[in-house]
Structures are given as structure tokens and as C-alpha cells.
Amino acid sequence: MAVETGTQETERVVGRVWTVRLDPHGRLAAGAVRLSCSRPACADQHFPDGAAAARKAAIAHVNAHLARVREEGGPRGDAWCACRAVDCAWHTPGSGSGGARPSAGRCGGPVVLTVYADRAGRLWRVAETCARCAAATADCRVLDTAPPPSHGGHTAADRAARKAEEQAAPGNGAAAGGMAALFSDCGASPVGASPASPAPADAPARVPQARAVSKGSPSRRPKRRGKIAQRIVPDDLEPESLRRELTELGDAFRAYQKRPEPDLALLAVLHERKARAFALWADVSGDETLREEAERAEKAIGITREMHENRTGQPADAPDDVPVVERLLTRTQAAHARAVLDHVAAHTPCPGPEARLAVLMLTLRAARDGTGNVTGQDLSGWLHRDAERVLEELVAADWLRLPDDVADALESRPEDPTLITVPALLPDRPRPFGFGKTTRARLSGWAQKVVGDRKIRKKKGGPATRLIALYTAAHTGFDGRLGRAEDDGLDLDRVAAFCALPSDRLAEQVELLLAADWFAEAEISGGRLCGRLSERVLPLGGLL
């Protein structure tokens, strides 16, 4: 077994130490983790999927070492404190190499088996130390106490037999699973012995039994210690309601971290409670760092609520009976979609809704660097019988460039798509869009879902119908209503201009979309298009 040794004298055997550690492995961006143990016989383990699985394996590894120690008789009463062997560096600032050598009186108490885990969940240490060092080490837990050493043998079998005898002895407090107490310092008396009449050296020291609680007197249970935001809630914090709130809030945050799916509305409520509790804690204690924590929680409330609205399409404080709709686009992505629609309306080189629809879909394919891939199935799905004519018009206007002729592009298959080039979107030109490749792919997929809507195809909806569907989907609120709440619908002239149709021809397209269950309700009145998307297409809404 690997044992950490220090610089001090070691007349007695040095306490055993096992250190289990998690470290990054390979490229940091990959998230791989290496588990290593200070025991030479324990081989390193590697976890490519991140720290969660590594932590479970580390805890299992530590438990395996603890089980082995118990099989060997538990902590050794004749062991030298392992913490003192490293100059008490585990709990004394400035000790260790280059630090002051600790005094001989620092260690004391029985030899105990301890386990230490750092707060970051990256290091675990099992060690035989004295009780005094164990109490002085933060986040250190005592698991077992060593029996007193005998003058005969110190083998594992001797210790196990002695432990069994002491547990079987009537009236011994160790019968419930405890160990007889021994002080590390040779001159100290066993627990419960009088200084005037020391116990014989060969007699096992007994742990005093728990004091019985008299009938009718309330049992004194220690207050459960709370922890939140890497801070320990003081046991004597007043008012008591604040201490309880901080303790419960810490438990609530830890329970939230274990949820399989995020609930951002709940997280916003937790941040709101945290902001109030930390502000009151700062007032009570005068600690300004607590007020800074409260201010961070205040900022987190707004950020979390915005994330919730982006994800679900409804405010975090919406009534519980309002159904949650998972949107295909976030609020930011929907704003980018509207920017693309405006750009296409201003830069389509050919008249007609067919050319407008082709320019929109090809722009979304080439939005990042001016190039993209399309297949003949894409082109015929967008434009039907007009695909060849529209592509020839765009090529003639030098808006679109193809490696071969239009016929080859219409015959290209998914395994061999056609590479298109849109000169206006090449990197050497001013960039009209500021989104990345992930958003580009999301926008292109959103537009493809709208254009390829099954019910619109069944109703023989043409390019103009699909353009109206795209425009209305991009200009809805979280409840599916067209336009902003204060605008009462969409301006009819703008809708007609985007679709490259006269305003008087929009009514028939709106009726077709009603029949295709795109709109739950829609009407044209006073120069405005009012209505609401149907529930089936609400996930495609653009979140104004």
C-alpha cells in the first residue's frame, strides 16, 4: 500500500494513506478524465465521457479501499498520525516544505480512520490520523477509531480478534460498532481514566456509553448544518427562519442539479429566493460578499427567465394551465430569421413569388460563406415545374452560379449534390448576417419545415402560399398571434411586398392556409392581416 511519508521521526509505523484523484486527460476540450490512485497496484482509469462517470468510479474505488481496511482490522492503534508525517500540511497553512515544523503537542487523541473529499469533487483521501488532526481538517470525516495497541503482536489478525472481543464485552460502549479509544501520545490516559489512577497498559480502554436521556426531557438533536453556494450556514444564525430558508434553498439547488431535464422556470424561482435570502444574510452579518452573491442571483433571475422564454416560447411567470410549446427557433434565432426575410425582399433580382422563394431558400443554404449544397429534389420540392425557368433567370442575372448547367443541378442526387455559389454572400463582400453555422443550419431547417408542410402541399399551395406561411411564422408572439400585441396584426402591404403579390390577391392565399390548418383564425381588415397560428404549427412560431 502506498504511504505518504514526511520529514519527521518515525519510530512508530506511519499511518497509511490512499489518495484518489481526478485529472483532465488529453485535450481539455474533449472533456476526458483520468482517475489515478496513490497505491501503485491500482492502475489508472480513463473516462472519455466526462467527470460524472469518473466521480462514480472514484467513490467506488475509495469504498473498496475502506472495505479492505476494515477486513484487515480497521485503523491501527500503533500507527503514527499520517497528517503529522507530512508536517500537518492537510490543515495547517504554511506547513510542509518550506513551512514551520509543527510542535509535538499538536497531534493527539486516538488513531482514527478518516476520509477527506474536496469540494470540487476531484480528490479523495483515506488516511490513518490522530483525532486532533482529523478535527482540524476541513471536510474530513471520521469513519472508525483504532483499538489500543497491545504489547504482544500488532498483526491484522490480532487486531481483528481484539476488536471482536471488545465488541462482545458486556457494558462496553464499543459493542454498537465503536472502537476503544487510544491517544496517539504515549503518555496520555485512555478516555474515562482518572489521572491519579491510570489504567493498566494491557487493559483495553473503553469508550464511555452515551448518557441516557431522562424521561420527559426533550432530546437535544444538533441542528442540521446547511450549505449553499460553497458557504456553510452558521448553526447560530438568527433569525431562525433565515437559517432554515438558506438550508432548504441549498438542498433545493442540489436537487435541481440532479434533475434529468432542466426546468428554467423553477430555476428562476430558486434564484429569486436566493437573492432575497442572501440580501437578508448580508444585512444580519454585515458581510459584503454576501450582498455581492445576492446581486449575482438577481442577474441570474433575468438571464434564466430569458432562456426559459427562448426555449419554451412563453414567459417564466406564465400561468400553469398555459401549455408549454417547444419552439424550433429561440428568440434570437427568430430575429435572425426575420433579418434574412428582409434581406431577401430587398435583394431578389427577378420578379414573382417563385424567384423570391428560390432566393430565400438558396440564401439560407449559402448564408455563411456564399456557398452551399442543393439537390434536384430540393429544387423541385420548392418550385415544382418552375424550377428550371427560375434557376436560369437567377443564373442569367449573375445572382447564382452553378458548376454545370441547370439541367445537371436538377438531376443531382443526395449522394452527389450540386455546389451553388451566391456571389453577394462570398467572404470578400460585406457580410449581411452575423450568425454562426449552427444558427444557419437551424434557420435552413426551419424554412424547409414550413415550405414542405404536408397539409399545404395537399391543398396545392404554391410559392406565394408558402411565402405567406414563412412570413407569418416569423412574425408571431408566444401565443401564436400575428404581429406584436400593440400592433393588432401584420401590415398587409408589407406581407404582399414580401410575397411579391398585389395586396388584393392575399385573401385567396389566406383562405388556402386556413383550409390547410396553418391558421386557427385569420381575417383581413383595415389594411391588416390578423389571426393566430394553429396549435399544430405553433412550434414553428418566431417569438416576436
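See the structure above.
Because the structure is a prediction, the values reported are computed rather than measured.

Student: Looking at this structure, I do not really get the overall build of the protein chain. What am I missing?
Tutor: Across its full length, the protein chain holds 17 helices and 15 strands. The buried share among the 544 residues of the protein chain stands at 44%. For the protein chain, the computed accessible surface area is about 28,300 Å², with 51% contributed by carbon and sulfur atoms.

Student: Sorry, what's going on with the sheet that holds strand S8 (residues 140-145) here?
Tutor: What links the strands of a sheet is backbone hydrogen bonding, and the strands pair in either a parallel or an antiparallel sense. Pairing is antiparallel across the open sheet formed by 6 strands, whose spatial order is S4-S3-S2-S7-S6-S8. Strands with a single pairing partner mark the edges of an open sheet, and in this sheet they are strand S4 (45-47) and S8. Across the sheet, the mean angle separating the axes of adjacent strands is 20 degrees when strand polarity is ignored. Inspection of the sheet shows strand S3 (residues 33-37) paired to S4 by 3 bridges, in the antiparallel sense. Its bridge partner being in S4, Arg34 is matched across the sheet by His46. In the packing of helix H1 (residues 51-71) onto the sheet, contacts are made with strand S2 (17-24), S3, S4, strand S6 (111-117), strand S7 (123-130) and S8, and the angle to S2 comes to roughly 170 degrees.

Student: In this structure, what is going on with the environment of Gly445? I would like to understand it.
Tutor: Mapping Gly445 onto the fold places it in helix H13 (residues 437-451). For Gly445, a relative accessible area of 31% gives the class partly exposed.

Student: Quick question: what am I supposed to make of the sheet that holds strand S14 (residues 519-525) here?
Tutor: A sheet is described by the order of its strands in space; here 3 strands give the open sequence S13-S15-S14, paired in antiparallel fashion. Either end of the sheet is taken by a strand with one partner, and the two such strands are strand S13 (490-491) and S14. Across 6 bridges, S14 lies against strand S15 (residues 528-533) in antiparallel orientation. Across the sheet, residue Ala522 finds its bridge partner in S15, namely Gly531. Packed on one face of the sheet, helix H15 (residues 463-474) meets S13, S14 and S15 and runs near 75 degrees to S15.

Student: I keep staring at the pattern of salt bridges and nothing clicks. Help me out?
Tutor: Oppositely charged side chains can form a pair if their charged atoms are brought close together. This model, assessed by the stated rule, comprises 25 salt bridges. Its salt-bridge partner being Asp263, residue Arg259 comes within 3.9 Å of it at the nearest N-O pair. The shortest N-O distance in the salt bridge between Glu288 and Arg291 comes to 3.5 Å. Remark: Arg291 and Glu288 occur in helix H7 (residues 288-312); sequence separation between them is 3 residues, near one turn of the helix. The class for Arg291 is partly exposed, based on a relative accessible area of 26%.

Student: Which parts of the structure should I look at to understand the packing of helix H9 (residues 353-365) against helix H16 (residues 492-499)?
Tutor: Two measures define how a pair of helices packs: the angle their axes make with one another and the distance between the axes. Running from N to C, H9 and H16 point in directions that differ by 80 degrees, and their axes come no closer than 8 Å. By the angle between their directions, the pair H9 and H16 is classed as roughly perpendicular. Every residue of H16 that contacts H9 at Pro353, Arg356 and Leu360 is listed here: Ala497, Phe498 and Cys499. Here the residues of the contact of H9 with H16 are counted per class, giving 5 nonpolar, no polar and 1 charged.

Student: Sorry, what's going on with a negative patch on the surface here?
Tutor: Negative charge collects at one region of the surface, where Glu388, Glu392, Asp404, Asp405, Asp408 and Glu411 lie side by side. For Glu388, the position within the fold is in helix H11 (residues 387-396).

Student: I'm lost on the packing of H15 against H16 in this one. Help?
Tutor: Put simply, H15 and H16 touch, their axes get as near as 9 Å, and they point 130 degrees apart. It follows from the interaxial angle that H15 and H16 lie oblique. For the element pair H15 and H16, the recorded crossing hand is right-handed. Along its contact with H15, which presents Ala464, Leu467, Ile468 and Tyr471, the element H16 presents Arg494, Val495, Phe498 and Cys499. Partitioned by chemical class, the residues of the contact of H15 with H16 number 7 nonpolar, no polar and 1 charged.

Student: Is there a simple way to explain H1 in this structure?
Tutor: Since the α-helix advances by 3.6 residues per turn, residues separated by three or four positions end up pointing in the same direction. Its 21 residues place the ends of H1 30 Å apart at the C-alpha level, agreeing with the 30 Å of an ideal helix rising 1.5 Å per residue. Looking only at H1, the buried set comprises Ala51, Ala54, Ala57, Ala58, His61, Val62, His65, Leu66 and Val69. Buried residues in H1 make contact with S2, S3, S4, S6, S7 and S8. Two residues or fewer after H1 comes Gly73, characterised by a positive phi angle close to 105 degrees.

Student: Mind showing me how you'd approach helix H8 (residues 331-347) here?
Tutor: For H8, spanning 17 residues, the distance from its first C-alpha to its last is 25 Å, which sits close to the expected 24 Å at 1.5 Å a residue. For H8, the set of buried residues is Gln333, Ala334, Ala337, Arg338, Val340, Leu341, His343 and Val344. Where H8 is buried, its residues meet H9, H13, H15 and H16.

Student: Quick question: what am I supposed to make of the nonpolar core here?
Tutor: Across soluble globular proteins, nonpolar side chains have a tendency to be buried as a group. Counting 68 residues, the largest nonpolar core has Leu360, Leu362, Leu394, Leu400, Trp446 and Trp518 as its most contacted members. With residues near it in sequence (within four places) discarded, Trp446 still touches Leu328, Leu329, Ala337, Leu470, Ala473, Ala474 and Leu540.

Student: Help me out: how do you make sense of the packing of aromatic side chains in this one?
Tutor: Each aromatic ring pair is specified by the distance between its two centres and by the angle formed by the two planes. Enumeration according to the criterion identifies 3 aromatic pairs in this entry. On the numbers, 5.5 Å between centres and 20 degrees between planes, the contact of Phe433 with Phe435 is stacked. Assigned by exposure class, Phe433 and Phe435 land together as buried. Geometry around Phe253 places Lys274 over its ring, the cationic atom sitting 5.8 Å from the centre.

Student: Quick question: what am I supposed to make of the side chain of Thr129 here?
Tutor: Along the chain, Thr129 turns up in strand S7. Judged by its relative accessible area of 3%, Thr129 is buried. When neighbours within four sequence positions are excluded, Thr129 is seen to be in contact with Cys81, Ala82, Cys83, Trp90, Pro110, Val111, Val112, Thr114 and Ala134.

Quick notes on the rules
- Residues numbered from 1 in each chain as written.
- Predicted model: local features only at pLDDT ≥ 70, side-chain atom pairs only at ≥ 80, totals over all residues.
- Heavy atoms only, no water.
- Helix = DSSP H or I, 4+ residues; strand = E, 2+ residues; numbered from the N terminus.
- Buried < 20%, exposed > 50% of the residue type's maximum accessible area, 1.4 Å probe, protein only.
- Areas by Shrake-Rupley, 256 points an atom, 1.4 Å probe, with all protein chains shown as cover.
- Pairing = 2+ DSSP bridges.
- Axes fitted to C-alpha atoms, helices over the stretch in contact; angles between N-to-C directions.
- Contact = heavy atoms within 4.5 Å.
- Salt bridge = Lys/Arg side-chain N within 4 Å of Asp/Glu carboxyl O.
- Parallel < 35°, antiparallel > 145°, perpendicular 65-115°, else oblique.
- Nonpolar A, V, L, I, M, F, W, Y, C, P; charged D, E, K, R; others polar.
- Patch = residues over 30% accessible without salt bridge, like charges linked within 9 Å, V, L, I, M, F, W, Y side chains within 5 Å.
- Lys, Arg positive; Asp, Glu negative; His and termini not counted.
- Charge placed at Lys NZ, Arg CZ, Asp CG, Glu CD.
- Left-handed = near helix turned anticlockwise from the far one by under 90°.
- Expected span 1.5 Å × (residues − 1).
- Core = buried A, V, L, I, M, F, W, Y, C linked by side-chain atoms within 4.5 Å.
- Phe/Tyr/Trp six-rings, centres within 6.5 Å; stacked < 30°, edge-to-face > 60°.
- Lys NZ or Arg CZ within 6 Å of the ring centre and 35° of its normal.

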